[in-house]
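These are the residues of each chain, in order.
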Amino acid sequence: METDLNILKGNLTAYQISEAIGISFDEATDLLEQRITVESLDEEIQAKLKQLEAVLFDQR
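Residues numbered from 1 in each chain as written. Predicted model: local features only at pLDDT ≥ 70, side-chain atom pairs only at ≥ 80, totals over all residues. Heavy atoms only, no water.

(A) Quick peek at unusual backbone geometry. Not every positive phi belongs to a glycine, and Gln-34 is a case in point at roughly 60 degrees. Inspection of the secondary structure assignment puts Gln-34 in the loop between helix 2 (25-32) and helix 3 (43-57). (Helix = DSSP H or I, 4+ residues; strand = E, 2+ residues; numbered from the N terminus.)

(B) Focus on helix 2. Among the residues of helix 2, those classed as buried are Ala-28, Thr-29 and Leu-31. The arc enclosing the buried residues of helix 2, seen along the axis, measures out at 160 degrees, which places them on a common side. Of the surrounding elements, those touching the buried residues of helix 2 are helix 1 (14-21) and helix 3. Just downstream of helix 2 lies Gln-34, where phi reads positive at about 60 degrees. (Buried < 20%, exposed > 50% of the residue type's maximum accessible area, 1.4 Å probe, protein only. Arc of directions from axis to C-beta. Contact = heavy atoms within 4.5 Å.)

(C) Molecular detail of the environment of Asp-26. Its place among the elements puts Asp-26 in helix 2. Along the primary structure Asp-26 and Tyr-15 are separated by 11 residues, whereas in three dimensions their C-alpha atoms are 9.0 Å apart.

(D) Focus on the packing of helix 1 against helix 2. Contact geometry of helix 1 with helix 2 gives a least axis separation of 8 Å together with a crossing angle of 120 degrees. One finds that helix 1 runs oblique with respect to helix 2. Handedness of the crossing formed by helix 1 with helix 2: right-handed. Between helix 1, through Ala-14, Tyr-15, Ile-17 and Ser-18, and helix 2, the contact on the second element is made entirely by Phe-25, Ala-28, Thr-29 and Leu-32. Considering only residue class, the contact of helix 1 with helix 2 consists of 6 nonpolar, 2 polar and no charged. (Axes fitted to C-alpha atoms, helices over the stretch in contact; angles between N-to-C directions. Parallel < 35°, antiparallel > 145°, perpendicular 65-115°, else oblique. Left-handed = near helix turned anticlockwise from the far one by under 90°. Nonpolar A, V, L, I, M, F, W, Y, C, P; charged D, E, K, R; others polar.)

Laid out in structure tokens, this is it:
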């Protein structure tokens, strides 16, 4: 999965990401601050993140 996602560039808050894809606030914060990578999340969460990216940024 591509880690250069628009939603990880500050378009959403950690709270918004955590609520939208079902991860903890701390995990979302770590993701935004690049302390963890998208690839370190489980596959289901990665898929949700990719789907959210597609919906918000109209990618197919």
